[in-house]
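Survey of secondary and tertiary structure
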Amino acid sequence: MSDQNLICVGAIAGSFGVRGEVRLKSFCANPEDIGTYTPLFSEKGDRSFDLKITRAVKGGFAARVVGVMTKEAADGLRGTRLFAPRTALPALPDDEFYHSDLLGLNVVDTSGAARGKVAAVLNHGAGDILELRSVPNHKGSVLVPFTQAVVPTVDLSAKRIVIDPPEGLFDDDV
């Protein structure tokens, strides 16, 4: 399975209890939907994970993974990111995007000046943020709020994002 056809939908955060359940963190808009995409795959698509959510727990879900019977085996999966085939996921409205679709896109401002490439899409609780790298005349990364006001255009077919950066965002250019 090609990793280009896989979308990250969650991760295993470690064991839950002593009987082989895992603590599952969902990245889905409706967190419980992660259970409907099974089997899930490793990032390279070379391992599959059949899982069943057993109950909601603080910060996610407890789940059983076929073949995982002990706490030690569950702990061994800690940090495993879980991917679903793009074809299993719902189509998105025009103004929504899977994070993986944004990675690597060129970013220009409203005047057409190059502003870098999307290196990551971050979310620390207050909304999505685009991390731009390869920013001309700038060392390091620039963080851009992923809002309609700041990012008026995402053109996946042209592999380009147009931003209208807030005043001062690129003033620290060096």
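Only a predicted model underlies this, so the values are computations on that prediction, with no experimental measurement involved.

The subject of this paragraph is the environment of Leu-82. Examined against the element boundaries, Leu-82 turns out to sit in strand E7 (residues 81-85). Judged by its relative accessible area of 0%, Leu-82 is buried. Considered as a pair, Leu-82 and Leu-6 are 76 residues apart in the sequence and their alpha carbons are 9.3 Å apart. Discounting chain neighbours no more than four positions away, the residues touching Leu-82 are Ile-7, Cys-8, Val-9, Gly-10, Ala-11, Ile-12, Leu-24, Leu-40, Phe-41, Phe-49 and Leu-51.

A few words on the pairing of strand E2 (residues 21-26). Note that strand E1 (residues 6-16) and E2 share six bridges and pair antiparallel. Pairing of Gly-14 across the sheet is with Arg-23, part of E2. Counting the residues in the hairpin turn of E1 and E2 gives four residues, including Gly-17, whose phi is positive at 80 degrees.

With that settled, consider the state of the cysteines. Going through the model one piece at a time under the given rule, you end up with zero disulfides. No disulfide involves Cys-8; its nearest neighbouring cysteine sulfur is the one of Cys-28, lying 9.1 Å away. Classification of Cys-8 by relative accessible area gives partly exposed; the value is 23%.

About the criteria used
- Residues numbered from 1 in each chain as written.
- Predicted model: local features only at pLDDT ≥ 70, side-chain atom pairs only at ≥ 80, totals over all residues.
- Heavy atoms only, no water.
- Helix = DSSP H or I, 4+ residues; strand = E, 2+ residues; numbered from the N terminus.
- Buried < 20%, exposed > 50% of the residue type's maximum accessible area, 1.4 Å probe, protein only.
- Contact = heavy atoms within 4.5 Å.
- Pairing = 2+ DSSP bridges.
- Disulfide = S-S within 2.5 Å.

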